[in-house]
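Below are the chains, spelled out letter by letter.
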Amino acid sequence: MQAITKLTGPILVLEQENIDTDQIIPARFLTATDFDGIGEHLFADWRLDANGEPKPGHVLNEPRARRSPILVGGHNFGCGSSREHAPHALLGFGFRVVISSQIADIFRSNSQNVGLLPVVLEADQHATLVQMDGEEITVDLEECNVVVKTSDGVEHCWPFSIDPFARHCLMRGLDRFEFLNQAEDAIVAFEENR
Amino acid sequence: MSAAESLFDKLWNSHLVKAQSESTPAIIYIDLHLVHEVTSPQGFDLLREKGIGVRRPERTLATLDHSTPTLPPDANGQRPYYTAQAHRQVQALRDNCKEYGIEIHDWDSPYRGIVHVMGPEMGATQPGMTIVCGDSHTSTHGAFGALAFGIGTTEVGHVLAKQCLLQSKPKSMRIKVDGRLPENVTAKDLALNIIRYLGMNGGTGFVIEYAGEAVRSLDMEGRMTLCNLTIEAGARAGMIAPDKTTIDYLRGRPRVPQGDAFEEAATVWLQLASDEDAVFDSEITLDASSMRPSITYGTDPGMSLDIGEPVPRADSKSHEKALEYMGFEGGQQMSERNVDVVFIGSCTNGRISDLRAAANVLSGRKVAPHVRMLVVPGSESVLRQAESEGLHEIFSTAGAEWRLPGCSMCLAMNGDLVAAGETAVSTSNRNFEGRQGSGSRTLLASPETAAASAVLGHVASVSDLDSVEIS
Ligand code: SF4
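So, here is what we can say about the structure in this document. Only a predicted model underlies this, so the values are computations on that prediction, with no experimental measurement involved. Numbers given to residues run from 1 along each chain, matching the order in which its sequence is written. By the order in which they are written, chains take letters starting at A while ligands take numbers starting at 1. The model is predicted, so local features are restricted to residues of pLDDT at least 70 and side-chain atom pairs to those at 80 or more, both for listing and for counting; the totals for chains, interfaces and linings are taken over all residues. As a convention, hydrogens and water are excluded, and side-chain values are obtained from all of the structure's heavy atoms.

The next subject is the overall build of chain B. Where helices and strands are cited, they refer to DSSP runs of H or I of at least four residues and of E of at least two residues respectively, numbered from the N terminus. The helix and strand inventory of chain B stands at 16 helices and 19 strands. Here the C-alpha radius of gyration of chain B, 22 Å, is about what a compact globule of 471 residues would show, namely 23 Å. Once the C-alpha set of chain B is aligned to its principal axes, its extents read approximately 60 × 60 × 50 Å. Exposure categories follow from relative accessible area, calculated using a 1.4 Å probe and restricted to protein chains: below 20% of the type maximum is buried, above 50% is exposed, and the middle band is partly exposed. Buried residues in chain B amount to 65% of all 471 residues. The criterion used for residue contact is that any of the two residues' heavy atoms lie within 4.5 Å. At a minimum sequence separation of 6, the contacts of chain B that also span at least 24 residues come to 73%. Radius of gyration here uses only the C-alpha atoms, and the compact-globule reference equals 2.2 Å multiplied by the residue count raised to the power 0.38.

So, on to the packing of helix H13 (residues 352-362) of chain B against helix H14 (residues 380-388) of chain B. All names here are of chain B. Angles here are taken between N-to-C directions and fall from 0 to 180 degrees, while the axes themselves are lines fitted to C-alpha atoms, restricted in helices to the stretch in contact. For the pair H13 and H14, the least separation of the axes is 9 Å and the interaxial angle reads 35°. The two elements H13 and H14 cross, and the hand of that crossing is right-handed. When H13 is examined against H14, the residues Ile352, Leu355 and Arg356 are found in contact with a partner set consisting of Val382, Gln385 and Ala386. Of the residues belonging to the contact of H13 with H14, the class tally is four nonpolar, one polar and one charged. Handedness of a helix crossing follows the sense of rotation of the near helix relative to the far helix, less than a right angle counterclockwise being left-handed and clockwise being right-handed. Here the term charged refers only to Asp, Glu, Lys and Arg, the term nonpolar to Ala, Val, Leu, Ile, Met, Phe, Trp, Tyr, Cys and Pro, and the term polar to all other amino acids, Gly among them.

A few words now on the layout of surface pockets. The distinction between a cavity and a pocket rests on a 1 Å grid over the protein atoms alone: a 1.4 Å probe fits inside a cavity but cannot get out, while a pocket stays open yet meets protein on both sides within 12 Å along at least five of seven lines, and a residue with an atom within 4 Å of a point counts as lining. Grid points are joined across faces, edges and corners, and a volume is the space filled by probe spheres set on the points. Approximately 720 Å³ is the volume found for the largest pocket. What lines the largest pocket is a set of 24 residues, and nearest its centre among them are Asp105(A), Arg108(A), Asp163(A), Ser168(B) and Gly205(B). Of all the elements in the fold, those that place two or more residues in the lining of the largest pocket are helix H4 (105-114) and strand E4 (117-120) of chain A together with strand E8 (164-167) of chain B. Per-element tally for the lining of the largest pocket: the top contributor is H4(A), with four residues. Within the lining of the largest pocket, the residues separate by chemical class into eight nonpolar, nine polar and seven charged. Shared between two domains, the lining of the largest pocket takes at least three residues from each, and those domains are domain 1 (7-167) and domain 2 (171-290) of chain B. All the domain ranges listed were derived from an automatic or database domain assignment.

It is worth spelling out the sheet that holds strand E19 (residues 441-444) of chain B at this point. Across the sheet, which stays open at both edges, the five strands sit in the order E17-E16-E15-E18-E19 (chain B) with parallel pairing between neighbours. Every other strand in the sheet has two partners, leaving strand E17 (401-402) and E19 of chain B as the edge strands with one partner each. DSSP bridges decide pairing: two strands pair if at least two such bridges lie between them.

With that settled, the discussion passes to the interface of chain B and chain A. Counting residues at the interface gives 62 residues for chain B and 52 residues for chain A. Buried area is calculated as the accessible area (1.4 Å probe) missing from two parts once they are joined, with the contributions of both summed. Among the residues of chain B in contact with chain A, Gln42(B), Lys162(B) and Leu166(B) are the three that bury the most area, contributing 12% of the side total. We count a salt bridge whenever a side-chain nitrogen from Lys or Arg sits within 4 Å of a carboxyl oxygen from Asp or Glu. Inspection of the chain B/chain A interface yields nine salt bridges. At the level of elements, strand E1 (16-18), strand E2 (26-29), helix H2 (41-50), helix H3 (84-100), helix H5 (153-162), E8 and helix H11 (317-326) of chain B are the ones that each hand at least two residues to the side of chain B that touches chain A. The greatest single-element share of the side of chain B that touches chain A, amounting to six residues, is contributed by H5(B). Of the residues that constitute the side of chain B that touches chain A, the class distribution is 22 nonpolar, 23 polar and 17 charged.

Moving on, we get to the nonpolar core. Among buried residues, those of type Ala, Val, Leu, Ile, Met, Phe, Trp, Tyr and Cys that are joined through side-chain atoms within 4.5 Å constitute a nonpolar core. Core analysis: the biggest nonpolar cluster contains 88 residues, and Phe44(B), Leu147(B), Ile175(B), Val177(B), Ile194(B), Tyr210(B) and Leu226(B) have the highest contact counts within it. In terms of residue count, helix H6 (residues 187-198) of chain B provides more of this core than any other element does, six residues in total. In contact with Ile175(B), not counting residues within four places along its chain, are Ile194(B), Leu198(B), Ile208(B), Glu209(B), Tyr210(B), Ala211(B), Ile284(B) and Leu286(B). The next biggest cluster of nonpolar side chains, apart from the first, holds 80 residues, and it includes Phe35(A), Met200(B), Met373(B) and Ala400(B).

This is the structure in structure tokens:
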């Protein structure tokens, strides 16, 4: 898992509310037994035609989409199924951070487990941000803030909160399993005492 | 005296291996881990990577459901898998279960079925348990007074390896539904009404306990339907306190204690109910008597209406996009929409009571000629029971296809598909864009409504059938 401390790049906005994991990665791409190459199927039904060719005009098919590490999605991003293929597909495509005004529970924990940073902003900040497609944004996990400097000189700095353990692991690229593994004695004690 | 606890508090506290601290999550113990072919292979890879085994194979139970075909094998005994990769994925689960000593319900098992149908039928799902599965509809098992929720593949690996999960304690919500559901209003309609009320994110961050007369008077299958759909309001888990209905359902099932041991267990289970003065972070009260048969018109399960109401006019860009995808106009009557496909099945409504309800509507009637109707039992047990009651004949005579158990048309990965542009009335749980196939349009409803729509060939409720003679 790659560590995340601070990332800068142009924002890519998908304004639609309730973007569910069936959109992020449709079920027909879930039959593989690994996650290799899954990024190529990200948002397949939005981005690609029936022959798998990119649909002209979709924002995710613009060359800048691959250069942008930061995706801003509409309210309630990642709802629906528990498929971890969803954060893997976003990572595989090149995103490292997803920002919304609400992120679904299972998607959030899956993202933290695989090294995609979920950031939740206040509704009004998020509403401002979705108007800033293409502007440069910096997400700083050390400082827990998001900074946008628009081309016309306006600067925004918004703090966000994140679960401290998730932050600790994401910043160091740590596998959360190790924490569980170190609790072996407590697990044994629990099993013996019940 | 200790503080009053809710059902959820009791389950959480009794499974704490390590309490939450300011900088670390809690570690909770998992009693039952359900596994299927789609979300497990990378979890088993974690074991190999770390060189460890499955900690508690006896607490792990596997089945084939998502990517399995629902048509029978050919003359050579070959199953018609949708893709070679789907077949390989099933084989991978088989191999993993063999290697790690996990009980798997394969094609030859009399219990094989959709993971959330099979667990309760076998009595593997029991009150007071923590239950997880790499599937968001694990919330179904909460109907038994268990804490049950969906997890991701990395966490599947964690549970295989340590039988534990890292979790922060969610907030609690109680939804009390007073009064009785009117005739022809089902558990599915109740759930759609609750999701409409909460919105598809109103439950995010919460575990929901359902209470009140309307919930208590549901049978176990109805309770499972309700808890199953909890995730569609964003909450990870839904639960209902165990009562006599729960105990009666479980008695005698293969995996529960038998004889006196069962009655002893039952006494403990009945004590799990929330204490009278338990405190919830959020409390909601709804009235069942005003609820009507419902159907979705949009692209999330929160977008539903009472059948007979016009489609609402779009009030946001997202709403507009949803109506456009579905091919609806604000103000339009749902009954104007012709139906191409009807699907009865899934972990939401693929149980025996659901098939009986659909058969009851179809008995003596015919599926409209332009409608393709699939009836897919949720498990081998449901299939056997239905066939012993002759339900399969009612379906076939009416012109519906009777299939083998599996997730089928609930999600488009096993070959059972709705074509682009087609409208399906489906008893499943998600009407997301493309959920039943690229470009498919899904209307979620109860088995009764789905069957009535199949007969009339357009969106209809059971009461619309009064004008149709039974032959
Ligand atoms: S029936 Fe549908 S929702 Fe249920 S487990 Fe299968 S795919 Fe998931």
